[in-house]
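Residue-level structural notes
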Amino acid sequence: MPKAADIEKVLVIGSGPIQIGQAAEFDFSGSQACRALREEGVKVVLVNSNPATIMTDFEMADVIYIEPLVPEVVAKIVEKEHPDGILASLGGQTALNMTAELAEMGILSNYNVRVLGTPLEAIYNAEERERFKRTMERINEPIPRGFTVNSVEEAEKVVAQLGLPLIIRPSYTLGGAGGGVARTMEELREIVSYGLKVSRIHQVLVEENVLGWKEIEYEVMRDAKDTCITICNMENLDPMGIHTGESIVVTPSQTLSDEEHQMLRAAAIKIIRWLKIEGGCNIQFALKEGSYRVIEVNPRVSRSSALASKATGYPIARVAAKIAIGLHLDEIGNDVTKETPASFEPAIDYVVVKIPRWSFDKFPDADRTLTTSMKSTGEVMAIGRTFEEAMHKALRS
Amino acid sequence: MKAILALEDGTVVEGKGFGAEGTAVGELVFATSFTGYEEVLTDPSYKGQILMLTYPLIGNYGVSGSHCQSDGIKVEGFVVRERCDFPSHYQSKRSIDEFLKQDGVPALSEVDTRMLTIKTRRYGTMKACLQVGSVEETDKALELAKTQPDISELDLIEQVTCKNPYRIKGEGKRIAVLDLGIKRNILDNIAKRNWDIFVFPANAKESEIRDSEPDAVLLSNGPGDPKRGKNAMSIVKKFAGEIPIFGICLGLQIIALALGSDTYKLKFGHRGANQPVKDLKTGRVYITTQNHGFAVDKDTLEGIGELTQVNANDRTVEGFEDNYLGIKCVQYHPEAGPGPWDTGRMFFDAFLGT
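On a predicted model such as this, the values are computed, not experimentally measured, just so you know.

The next subject is the overall build of chain B. Broken down by element type, chain B carries 11 helices and 19 strands. Against the compact-globule benchmark of 20 Å for 354 residues, chain B has a radius of gyration of 20 Å, which places it among compact chains. Dimensions of chain B, computed from the C-alpha atoms along their principal axes, are close to 55 × 45 × 40 Å. The buried share among the 354 residues of chain B stands at 62%. For chain B, contacts bridging at least 24 residues in sequence account for 73% of all contacts bridging at least 6.

Have a look at this one:
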């Protein structure tokens, strides 16, 4: 199917200010998306609050608004521009939250704006802890046992059932902000009360301890025709309990047998199919001796997608943008080979190592313990024919 | 341990030997999957070939023994960029070096596999000679590379097929499997569906197969040029139209030949776990494992079978069926081992569920 004919103008929401958990990678993916849409003859309206980005350069979009990324302002832009669709899944969490809020306000339905790519329903199913849990249970995919709580008292009750330590994850936050590992009751109270504060819907998940399990991620893509592919997998050198953003990450996985790899790959594809995501998606697993848990699903282009994209040469954001306007994977060209379609899985003959960078020089008093929330402010990626080569290149740069 | 690899075009590379000492000759082919070395080494379809993996780090998770696709290593020789002597995995029983040594297969590491892969892609599959341990004059290795017979002149199926017929009991319908070098995962997949399996050697007679009163026949994967599978072709002709016939990989090629199509040798084959196959009925694309150096000529398939699936990269034949004769076959490996599980249920449920 060629691109949907009724989509002539698309509103792209930028990633906003650069902060921990949301850095230049979303400028990278947003710019790729703008370019990909314009290639297909779609008029691009861009709104971003951060003028110091590539995507706000004149040639990136047809109309550019540099305005605060708050629902009232974006609603006015929708009113003025009457776009046919809105692209939510390429500007990081900020854009996703913005789209959700616009939908809740009724702006999208009032002005007949379609959410392109991944439907909002899928976003809720993946991001809201309780719904995510229900979805995984329905499709028989194992998740760590856990409970969503809205108060510290409720969290304390969980200890009676699951014991300590416990992992705490707030809903709807960036880079796992406000999350952590609670080893004592005191830590539990502290982390939960902070987590409730930062969560957009005042909700945190208190869950079973999978600390020390292998942490494996998959980058998956799906189109409206239900073709699913995985771009690559990634293995975290630091196991579960340390945020991916704080961990050294290697692509492809180094210690998984084919059986384990295929088991997780099959689970990743089952999940993206069930959630009906159209575009890119990042899925995290914990793995220990052949058994696994689904940890998290990011129904959007993420920080890891930027890494996967650069590591394999597969332009995830570009392809996701084209899927969003109705193209199928086998109709999208492969920019690397020029001959074959985008419906393939990259086979790499090298190793990629990513190392995080912390700005302790600028924040000398910051807590230097690595936990489930992200403190690194940047990262380095290197490619080598051996693990040692890639590691050394990354350390030296 | 010194080791060299000589190619028929005069290329000689030197690296570190591992596995067994000795000399191996065969076609040098490359595969691109980054996991599953235990499965590919023991895949009988690699008989007559020296296998090179494009992914550079091999052996990280050791060898478990439980993922083997046959009774031992089937490749003639093995070439990698870097091998791992200290594997880390809860199932690992030994290192890749110990595995190769035990089965007497020579291997080479610390060579530029990327260069060799590019050469193969550019000039096509080449004949090669691998010498490990007592390396003689390079001239001798080059001569062995050049003078060895072409893969199409070798009868490889008889080297990997089972010696005697055997049965894997099940409750369901009866299937006669012609073992041309079958991978264990295929049998496991059929057994999982509880069919009563009768496995026959490649040279089995029609009467023997008939005695098992099969409800269907399956032609397995296997090594070499499909045109060497004369007996298998005659079996197809005998049963076509009478009971359903299924084919996987070499099986598909032999069925196509038996029905009057032609096959040809691909420039460097499809070997890896990332080959996109487009289903022409649904328009969906599946990622598959493949391991074949020959393909069915699409033009000669016309009027013989309905093309159902093609490779999304080069449009070669990936599946065809003939509803009148009850024939269904695929060029890729739905049983995986190694590779994606995307097509397993589609093939085994739909084809064997009938």
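More follows now that the structure is in view.
All names here are of chain B. Spatial strand order, S10-S12-S11-S13-S14-S19-S18-S17-S15-S16: 10 strands in an open sheet with mixed pairing. The open sheet has two edge strands, strand S10 (166–168) and strand S16 (285–296), and neither has a second partner. Strand after strand, the sheet turns through a mean of 25° between neighbouring axes, direction not considered.

What follows concerns the packing of helix H5 (residues 120–127) of chain A against helix H6 (residues 129–138) of chain A. All names here are of chain A. One way to put it is that H5 packs onto H6 with a least axis distance of 5 Å and a crossing angle of 90°. One element, H5, and the other, H6, form an angle in the roughly perpendicular class. In contact with Glu121, Tyr124, Asn125, Ala126 and Glu127 of H5, H6 contributes Arg129, Arg131, Phe132 and Thr135.

One can read the domain layout of chain A as domain 1 (9–116), domain 2 (145–207) and domain 3 (214–396). Here the C-alpha centroids of domain 1 of chain A and domain 2 of chain A sit 32 Å apart.

Below, the discussion takes up the pairing of strand S2 (residues 12–19) of chain B. All names here are of chain B. For strand S1 (residues 2–7) and S2, the ladder comprises 5 bridges, and the chain directions are antiparallel. Residue pairing across strands places Ala6 opposite Val12, the latter belonging to S2. Hairpin connection, S1 to S2: the antiparallel pair is bridged by 4 residues, and Gly10 has positive phi, about 100°. Bridging between S2 and strand S8 (residues 106–109) involves 4 bridges; their strand directions are antiparallel. Within the sheet, the bridge partner assigned to Gly19 lies in S8 and is Pro106.

Residues and elements named next belong to chain A. Across the 10 residues that make up helix H10 (residues 303–312), a large majority, 9, are buried. Looking only at H10, the buried set comprises Arg303, Ser304, Ser305, Ala306, Leu307, Ala308, Ser309, Ala311 and Thr312. Near the N-terminus of H10, the side chain that reaches the backbone nitrogen of Ser304, with its oxygen 3.3 Å away, is that of Ser302. A positive phi of about 85° marks Gly313, the residue just after H10.

Our next topic: the interface of chain A and chain B. Taken together, the contact between chain A and chain B spans 40 residues of the former and 36 residues of the latter. Linking chain A with chain B are 4 salt bridges. Among the ionic pairs, Arg114(B) bridges to Asp349(A), the shortest N-O distance being 2.9 Å. Between chain A and chain B we count 16 residue pairs in polar contact (both at pLDDT 80 or more) in total. Elements that contribute at least two residues to the side of chain A that touches chain B include exactly strand S11 (228–236), helix H9 (258–275) and helix H12 (387–396) of chain A.

Tracing the backbone through its elements, the reader meets Ser343(A) in the loop between helix H11 (316–324) and strand S15 (351–357). Residue Ser343(A) is classed as buried on the basis of its relative accessible area, which comes to 0%. Residues Ser343(A) and Ile231(A), spaced 112 residues apart in sequence, show a C-alpha to C-alpha distance of 9.9 Å. Residues contacting Ser343(A), with those up to four places away along its chain left out, are Ile229(A), Leu329(A), Asp330(A), Pro276(B), Val285(B), Ile287(B) and Ala312(B).

On to the packing of aromatic side chains. The relation between two aromatic rings is expressed through the spacing of the ring centres and the mutual angle of the planes. In this structure the tally under the stated criterion is 8 aromatic pairs over all chains. Ring plane angle 45° and centroid distance 5.8 Å describe the contact between Tyr314(A) and Phe344(A), whose orientation is recorded as tilted. With Tyr314(A) in the loop between H10 and H11 and Phe344(A) in the loop between H11 and S15, the pair connects residues that are 30 residues apart, well separated along the chain. Using a relative accessible area of 3% as the deciding quantity, one classes Tyr314(A) as buried. Aromatic pair Phe347(B) and Phe348(B): ring centres 5.0 Å apart, planes at 85°, arrangement edge-to-face. Three or more aromatic residues joined by ring pairs make a cluster, and in this case those are Tyr218(A), Phe285(A) and Tyr292(A). Its guanidinium or amino end placed over the ring of Phe28(A), Lys310(A) lies 4.5 Å from that ring's centre, counting from NZ or CZ.

The next subject is the nonpolar core. Among the nonpolar cores identified, the biggest contains 40 residues, and Leu37(A), Leu87(A), Met221(A) and Tyr314(A) are the most heavily contacted of them. Of all the elements in the fold, those that place two or more residues in this core are strand S1 (9–13), helix H1 (25–39), strand S2 (43–48), S11, H10 and H11 of chain A. Sort the elements by how many residues they give to this core and H11(A) lands first, with 7 residues. For this core, the domains that each give at least three residues are domain 1 (9–116) and domain 3 (214–396) of chain A. In terms of nonpolar packing, the next biggest core, distinct from the first, is built from 33 residues, Met391(A), Val29(B), Val40(B) and Phe78(B) among them.

Bringing a negative patch on the surface into the picture now. All names here are of chain B. On the surface, a cluster of negative charge is contributed by Glu136, Glu137, Asp139 and Glu143. Take Asp139: it is sitting in helix H4 (residues 138–147). Owing to a relative accessible area of 55%, Asp139 belongs among the exposed residues under this scheme.

This paragraph deals with the confidence of the model for chain B. Across chain B, the average pLDDT comes to 95, with 99% of residues at 70 or higher. Across the assembled chains, the prediction reports ipTM 0.94 with pTM 0.90.

Residues and elements named next belong to chain A. Positionally, Ser29 belongs in helix H1. Classification of Ser29 as buried rests on a relative accessible area of 2%. Other than its neighbours up to four places away in sequence, Ser29 contacts Leu90, Val301 and Ala317.

Moving on: the domain arrangement of chain B. Residues and elements named next belong to chain B. For chain B, the assigned domains are domain 1 (2–148) and domain 2 (157–351). Distance between the C-alpha centres of domain 1 and domain 2: 27 Å. Every contact between the two is made by 27 residues of domain 1 and, on the other side, 20 residues of domain 2. Here domain 1 meets domain 2 over a buried area of about 1,900 Å², counting both sides, of which 50% is carbon and sulfur. Our enumeration of links across domain 1 and domain 2 arrives at 1 salt bridge. Glu27 is the partner of Lys265 in a salt bridge, and the nearest nitrogen-oxygen pair spans 2.3 Å. The tally of links between domain 1 and domain 2 comes to 10 residue pairs in polar contact (both at pLDDT 80 or more). Elements with a minimum of two residues in the side of domain 1 that touches domain 2: strand S3 (22–31), helix H1 (37–41) and helix H3 (113–123).

Calculation notes
Residues numbered from 1 in each chain as written. Chains lettered and ligands numbered in written order. Predicted model: local features only at pLDDT ≥ 70, side-chain atom pairs only at ≥ 80, totals over all residues. Heavy atoms only, no water. Helix = DSSP H or I, 4+ residues; strand = E, 2+ residues; numbered from the N terminus. Rg over C-alpha atoms; globule rule 2.2 N^0.38 Å. Buried < 20%, exposed > 50% of the residue type's maximum accessible area, 1.4 Å probe, protein only. Contact = heavy atoms within 4.5 Å. Pairing = 2+ DSSP bridges. Axes fitted to C-alpha atoms, helices over the stretch in contact; angles between N-to-C directions. Parallel < 35°, antiparallel > 145°, perpendicular 65-115°, else oblique. Domains from an automatic or database assignment. Polar contact = N/O pair within 3.5 Å; in protein donor to acceptor, adjacent residues only side chain to side chain. Salt bridge = Lys/Arg side-chain N within 4 Å of Asp/Glu carboxyl O. Phe/Tyr/Trp six-rings, centres within 6.5 Å; stacked < 30°, edge-to-face > 60°. Lys NZ or Arg CZ within 6 Å of the ring centre and 35° of its normal. Core = buried A, V, L, I, M, F, W, Y, C linked by side-chain atoms within 4.5 Å. Patch = residues over 30% accessible without salt bridge, like charges linked within 9 Å, V, L, I, M, F, W, Y side chains within 5 Å. Areas by Shrake-Rupley, 256 points an atom, 1.4 Å probe, with all protein chains shown as cover. Lys, Arg positive; Asp, Glu negative; His and termini not counted. Charge placed at Lys NZ, Arg CZ, Asp CG, Glu CD. pLDDT = per-residue confidence, 0-100. Buried area = accessible area lost by both parts, 1.4 Å probe.

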